[in-house]
Each structure stands twice: as C-alpha cells, then as structure tokens.
Amino acid sequence: MNINTELWQAFVVCVSAAFTQNILLSYFLGVCSFVGCSREVKTAMGLGFAVIFVMTATCALNWLAYYYVLEPLGLYSFRFILFIIIIAAFVQFIEMLIDKYSPVLYQKLGVFLPLITVNCAILGAALFMVIRKYTFIVAIGYGLGSGIGWFLAIIAMAGIRQRLANERIPKGLQGPGITLFIAGIMALAFIGFTGVLQGK
Amino acid sequence: MVEKRWFPVVYMFTATALVSSIVLGLTGFTAQRVKANEKLTFEKAVLSVLPDVYDQSKKISGLELHKIFTEKVSPPDDSSFGAYLFKQNGQIAAYALPIEGQGFWAPIKGIIGILPDKKTITAIAFYEQNETPGLGAEIAKPQFRNQFKGKVIKDGEKPFTIARPDVALDESSVHAITGATQTSTRLEAIAYNDLKNWQEKMK
Amino acid sequence: MSRSSKKSDIGKLASEGLWQNNPIYCQVLGICSTLAVTNLVLNTIVMCVGLVFTTALSSMTVSLLRSFTPRNIRMMVEVLIIAFYVIIIDVLLKAYWPEMSGNLGPYVGLIITNCIVMGRCEACGNSNPPVMAFFDGMFNGLGYSFILLIIATVREILGMGTFLGFGVPYFSTPYWDKWIIMVMPPGAFFMLGLIVWIFRTIALPKESK
C-alpha cells in the first residue's frame, strides 16, 4: 500500500473513531473518569488533552511492541500484560518529566495522569488496533481519532454540566446521576452519525 | 535493600518474569484443548450449513461430530478456491465457503453453504463472533440465520444485501438486526466480498 | 485479634462495600463494564464472578507484597497482579468452558482496567493486612454485583423479553414491543443513571440544608 492510500485510510479511521465509532459513546470505554472529572470545562480540557496525547503515543508504542516483539515470538496471549505495562510505564515516565521540567504544569495536570493509567479507553484502543490489524500509520490515526473523540465527549459534557450548575437538580441526581442521563442523550445523538463514515 | 536504586527495576523484572511464566505455562498446558475446541466449533459450523448431513435437533457428541465431518466433508481443492466440498455418490452436493472479516468488536468468521449451481445459499453459520449480546450477536441465532435459506447470490456489483428491517426483501436480501447497524453493515461487506471473489474464481 | 472484633471488622467491611460505600453509586467506579455487560443477565453473572474473584485476590496479593513494593512502581505492580488473575480466568475459561469464554471475551480487558479493582488495591490493599484486604475486595465486588444484576434484569426483560435466556411471560410475547434502546448504549446510561439516583436517595445520609 503506498503512502497516499495509507494516509487516506488513517484519516478515515481517525474521523470515524472520533464520531461514528466514538470510543466513549459507542464502545463504553473511559467512562469512569468521564463521569468523575467533567464538572468544569477547564479540568475537562486538561484531562482531554492528556488523554489524546497518551492514547496516540501508547498506540504507537504498543503497535511497535506487538509487531516487533510479540509476533516474532508468537506470544499473543501476552498482549494484555505488555500493553498495560507499556501504558503504566509511559504515564509514569511522563509524570516524572513534567514534574522535573514544569512544576506548574504538574500542579495542574499531575492528578490526572494516574487516572489515565486505568482509563479503559487507552487499553481498549490498543487492543482494537491490534485486532483490526491496522498498519502503523493507520494505528496512529486511530489513536489520535479515539483520543479526539473522547476529548469531544468530555468537553461537551463539561459544557453542559457547567450550564446546569445553577439549576435545581434533585439531591440524589446531582453529580454522577445527571451526568449519566446526559451521557445517554449524547450517545443517542451519536447514533445518528452511524451511517456517515465507516472506518475499516 | 528496599531503598537501593536498582531494587525497583529488579523487582519489576522478577514480578513480570514470574507472572509471565505462570501464564505461559498455563496457556501451553491448555493449548491443545483450546485448539481441539476451536476445531470442533468450526466443523460443527460447516456441518450445519450442509443440507441433510445430520439432524441438528438431536444432541451429538464431539467425537461423533468429528467422525461425520471426516467421513462426509472433503477439504478444499484447487477447483473449489477455499470452499469445503460435500460429495454424495461422487457428485458435489454442496459447497461450504468460509467467510471472514472485521465485525464491530472483533473478527466475524462464518461458513456459507452453497448448492452446486454456485448461486443458491443453503444456510449460514458462525463459528467465531464477539458482537454485542442481544444486538450484533443475534446473527448467530436461528432467527437471523434462517433468512438465508434459499437466497440467491446475484451476478454483478452487489451479490447480496443485508437490508433495513422495514424494507421488502427480494431473493438476494435479508433483514438486518434492529439496533445492530454496525454489525449488520460489516457482515454485509464480509459476505459480499467473499462471495463475489469466490463466484468470480469459480466461473 | 479477638474473634469478636475480627467479626465486627468484617461486618463493617461488608456494610461499607455493599451499601454505604458501594463502588457504583457511591464511589462511581467500574462504570465502563457496567454499561457494556448488563445486556444479558448471564454475561453479567460471569463478569461479576470474575470481578469478585479478581478484586479479592488482587487486593490480598497487593497487601501481602506491600512491605516489599517500592513506592514509585506500585501502580505498575498492582496492574501486573490484576492482569495476572484476569488472564488466568480467561485461559481456564477458554479451555474448559468455551461458550462462556466467548461471552466474556471482549470484557477481559475491561476487568483489568476496571477502576474498582485498582481502586480497592490502592485504597485498601496498600495499607491493610491481607485478610482484611481480601474481604474488602470481596464485598466491594459483591456490592458491584448486586447493582449490576438489577440493571441487567431490567435491561434484558425490557429489551429482549427474556431472563437468563428464558422467555418471560408477557414480555416475550408479540404484545410487548421490545425496547431495543435498552440493549443499546443509551439505554445503559439511562438505566445506570436511574439506579444511581434511586440508591443515592435512599442509601446516603440526608445532609442538613
């Protein structure tokens, strides 16, 4: 496959991962931090960007690890362990880097990074990328698209919740309850995208 | 010792090595069984699409299933381009074509049974699918599969269609599953690609 | 530790894990798997058994190793232990119960990254003795399970008219127009939101205005 068709495919996969196959609203991955951290747009943006970055980078790293280490050795059953270790190590490494070079950024972002290690979306994206046998460039596109999709969902949710901050919501519904209902409506809306673009 | 700088690395390494060896050991130990299970599921799917090979309503043991498979089904040869052959009295009574492709969550693998006219479908069966239970996974249920009996593969651009549930059907289409748009669309693509390729080659 | 105080400790763990600090409606963890798996009661049961098993054992293992594990790699070690138990379950199911392994297949990854397992390891396994960690993990797992079973029952009956695969009177007849949305993602979100609302209202203490 020449570079042009691969780039085009990566683009298609990226867009479909962000909209029609949104990793949060269609595949239910990464919902815990979505429900927990979407109260304000600022926090949501921080977490969202962090997720985009980690997802794209770990998809790339995991792809390399899978095709250059696991496959030659035939150890497919190891993919869970390997991927999660790579993700955890990468996040740990980034945390150390940020702490060293920008304590300000660390203050703002620091608390999210451990949250990202357990974000099922990151592991999920890596597993899907392997199951669907994407090539390297397409895998990066997929990681980027999934991250953007997650980012869009959490920004939208934070925006809506900020608007609702002054409304009278029943006590039992405040916080996670109303967030889940909003998420349900968003999921309904995203179903409308289904026929638009089909990733591989 | 816990405070030394190299301790975390060694710890991590030992822990990973220990976990990996146990997992590897267990996987190796059960590998044969897993392979046998997979083979049996495949054979069962092939037999279920061939006409009148065995009574599907009766319970049958794995061993018997395997026996029927080895007796009655011949593996693909040069002239069948990947389809398994079911011969009766020296004549080909049916083909069993494996189809495979990407579903919504994971690969979908199935078998389509085709009569010697290379056009009429006898049945479809799936031996591997991991679609959403209650939605995409309904493709493996008799309700969806029974639609395929007697359907015809058309010549030309779109040999087979999986249409919306409210649309009228013709001889080359079946209804999709409500709420399982992604799975249905992908299954249609898989069926149509593999069937089209096979038909071209068999000409 | 005297027998009676141990019993009351366990009792306390039980009431917290199941009711007062329930992982789903209090801690709001483990949501991903809740949404994905509650389509069918059968899959839910398998997932819950897997989760109780994994949480209890992982928490206990983390606790056993807590004095050896260096602080800066503790998350990676926890993750490794969790992945280990989950993969063992997966391998055993694949070999001895293939149909069930097929059902659980896509969710195996979901158990590994399930925030409940990690959350309990961090919160309890790191700083408590193994037996306590085991029971804490077990009760949190059971707290998760009972909520999931409620959701799954409603979703399966309304969405498909069956329970554990068997038809339910009235709901499986053509008179009931199946609520397909219950089987799809939005239905999962709505159902979970409803459950969180109900349980938060009845289980959490009323705060003074």
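Since this is a predicted model, take the numbers as computed values, not measurements.

1. Comments concerning the overall build of chain B
Consideration 1: A tally of helices and strands in chain B yields four helices and seven strands.
Consideration 2: The C-alpha atoms of chain B give 22 Å as radius of gyration, which overshoots the globular expectation for 203 residues (17 Å, by more than 25%).
Consideration 3: By its C-alpha atoms, chain B is 75 × 40 × 35 Å across when sized along the principal axes.
Consideration 4: Buried residues in chain B amount to 34% of all 203 residues.
Consideration 5: Counting only contacts in chain B whose residues sit at least 6 apart along the sequence, the fraction spanning at least 24 positions is 48%.

2. Side note on the packing of helix α4 (residues 79–101) of chain A against helix α7 (residues 120–131) of chain A
Packed helix pairs are characterised by how far apart their axes lie and by the angle those axes make with each other.
All names here are of chain A.
Consideration 1: Between α4 and α7, the least distance of the axes is 10 Å, while the angle of their chain directions is 135°. With respect to α7, the element α4 is oriented oblique. For the crossing formed where α4 meets α7, the hand is right-handed. Contacts between α4 and α7 involve R79, F83, I84 and I87 from the former and I122, L123, A126 and V130 from the latter.
Consideration 2: For the contact of α4 with α7, the class distribution of residues is seven nonpolar, no polar and one charged.

3. Details of the environment of F190 of chain A
Residue and element names in this part refer to chain A.
Consideration 1: Here F190 shows up in helix α9 (residues 176–191).
Consideration 2: Classification of F190 as buried rests on a count of 21 C-beta atoms within 10 Å.
Consideration 3: Distance from F190 to N166, taken between C-alpha atoms, is 27 Å for residues 24 residues apart in sequence.
Consideration 4: Excluding its chain neighbours within four sequence positions, the residues that come into contact with F190 are N22, L25 and S26.

4. Points about the interface of chain A and chain C
Accessible area lost during the coming together of the parts is what is often quoted as the interface size.
Consideration 1: Opposite the 34 residues of chain A that make contact, chain C presents 28 residues.
Consideration 2: Where the side of chain A that touches chain C is concerned, the elements lending two or more residues are α2 (31–36), α4, α6 (112–117), α7 and α9 of chain A.
Consideration 3: At eight residues, α9 of chain A tops the list of elements feeding residues into the side of chain A that touches chain C.
Consideration 4: Taken together, the residues that form the side of chain A that touches chain C break down as 24 nonpolar, nine polar and one charged.

5. Remarks on the pairing of strand β2 (residues 84–88) of chain B
Side-chain positions along a regular strand alternate between the two faces of the sheet.
Residue and element names in this part refer to chain B.
Consideration 1: Of the pairings in the sheet, the one linking strand β1 (residues 73–74) to β2 comprises two bridges and is antiparallel in character. In the sheet register, V73 faces β2, and the bridge partner there is F86.
Consideration 2: Between the antiparallel neighbours β2 and strand β3 (residues 91–102) lie two residues, among them N89 with a positive phi of about 55°.

6. A closer look at the interface of chain C and chain B
Consideration 1: Opposite the 27 residues of chain C that make contact, chain B presents 24 residues.
Consideration 2: Residue assignment for the side of chain C that touches chain B shows that the elements contributing at least two residues are α4 (74–96), α5 (98–104) and α8 (130–160) of chain C.
Consideration 3: Considering each element in turn, the side of chain C that touches chain B owes the most residues, nine residues, to α4 of chain C.

7. Considering unusual backbone geometry
Consideration 1: Unusually for a residue other than glycine, K133 of chain A sits at a positive phi of about 55°.
Consideration 2: Looking at where K133 of chain A falls in the secondary structure, it is placed in the loop between α7 and α8 (136–164).
Consideration 3: With 12 C-beta atoms packed within 10 Å, K133 of chain A lands in the exposed category.
Consideration 4: For K118 of chain B, which is not a glycine, the phi torsion comes out positive at approximately 65°.
Consideration 5: Its location among the elements puts K118 of chain B in the loop between β4 (107–114) and β5 (121–128).
Consideration 6: By the C-beta count within 10 Å, which is 14 here, K118 of chain B ends up partly exposed.

8. Regarding the sheet that holds β4 of chain B
Residues and elements named next belong to chain B.
Consideration 1: Ordered in space as β1-β2-β3-β4-β5, the five strands form an open sheet in which the pairing is antiparallel. Two strands in the sheet have a free side with no partner beyond their single neighbour: β1 and β5.
Consideration 2: Bridge analysis of β3 against β4 gives eight bridges, and the strand direction is antiparallel. Note that in β4 the partner of Q102 across the bridge is P107.
Consideration 3: Against the sheet, helix α1 (residues 7–49) makes contact with β1, β2, β3, β4 and β5, and its axis sits at roughly 165° relative to β5, the strand it touches most.

9. So, the confidence of the model for chain C
All names here are of chain C.
Consideration 1: With 92% of its residues at a pLDDT of 70 or more, chain C shows a mean pLDDT of 82.
Consideration 2: When pLDDT is averaged over each helix and strand of chain C, the minimum, 74, is found for α5 and the maximum, 90, for α8.
Consideration 3: Here the predicted complex scores 0.82 on pTM and 0.82 on ipTM.

10. Some thoughts on the packing of helix α3 (residues 41–64) of chain C against α8 of chain C
Residue and element names in this part refer to chain C.
Consideration 1: At a minimum axis separation of 8 Å, α3 and α8 run at an interaxial angle of 165°. When the axes of α3 and α8 are compared, the pair comes out roughly antiparallel. For the pair α3 and α8, the sense of crossing is right-handed.
Consideration 2: Broken down by class, the residue content of the contact of α3 with α8 amounts to 17 nonpolar, 10 polar and two charged.

11. Regarding the environment of I111 of chain B
All names here are of chain B.
Consideration 1: Tracing the backbone through its elements, the reader meets I111 in strand β4.
Consideration 2: Separated by 68 residues in sequence, I111 and E43 have C-alpha atoms that sit 10.0 Å apart.
Consideration 3: In this view, I111 contacts A45, V46, V49, A96, L97, P98, A125 and Y127; residues no more than four positions away in its chain are not counted.

12. Quick look at α7 of chain A
Consideration 1: With 12 residues, α7 of chain A should cover 16 Å at 1.5 Å per step; its first-to-last C-alpha distance of 16 Å lies within 8% of that length.
Consideration 2: Counted residue by residue, α7 of chain A has 11 buried out of 12 residues, so it is predominantly covered.
Consideration 3: Taken as a whole, α7 of chain A has its buried residues at C120, A121, I122, L123, G124, A125, A126, L127, F128, M129 and V130 of chain A.
Consideration 4: Here the buried face of α7 of chain A lies against α3 (41–73), α4, α6 and α8 of chain A together with α2 (31–37) and α6 (108–112) of chain C.
Consideration 5: Note on α7 of chain A: the residue one or two positions beyond its end, K133 of chain A, has a positive phi of about 55°.

13. Let's talk about the pairing of β5 of chain B
Residue and element names in this part refer to chain B.
Consideration 1: Among the eight residues of β5, seven are classified as buried, and the element is accordingly described as predominantly covered.
Consideration 2: The sheet contact formed by β4 and β5 spans six bridges and is antiparallel. Residue pairing across strands places G110 opposite F126, the latter belonging to β5.
Consideration 3: Connecting β4 to the antiparallel partner β5 that follows it, the hairpin turn spans six residues, and K118 within it adopts a positive phi of roughly 65°.

About the thresholds
- Residues numbered from 1 in each chain as written.
- Chains lettered and ligands numbered in written order.
- Predicted model: local features only at pLDDT ≥ 70, side-chain atom pairs only at ≥ 80, totals over all residues.
- Helix = DSSP H or I, 4+ residues; strand = E, 2+ residues; numbered from the N terminus.
- Rg over C-alpha atoms; globule rule 2.2 N^0.38 Å.
- Buried ≥ 20, exposed ≤ 12 C-beta atoms within 10 Å, placed from the backbone.
- Contact = placed C-beta atoms within 7 Å.
- Axes fitted to C-alpha atoms, helices over the stretch in contact; angles between N-to-C directions.
- Parallel < 35°, antiparallel > 145°, perpendicular 65-115°, else oblique.
- Left-handed = near helix turned anticlockwise from the far one by under 90°.
- Nonpolar A, V, L, I, M, F, W, Y, C, P; charged D, E, K, R; others polar.
- Pairing = 2+ DSSP bridges.
- pLDDT = per-residue confidence, 0-100.
- Expected span 1.5 Å × (residues − 1).

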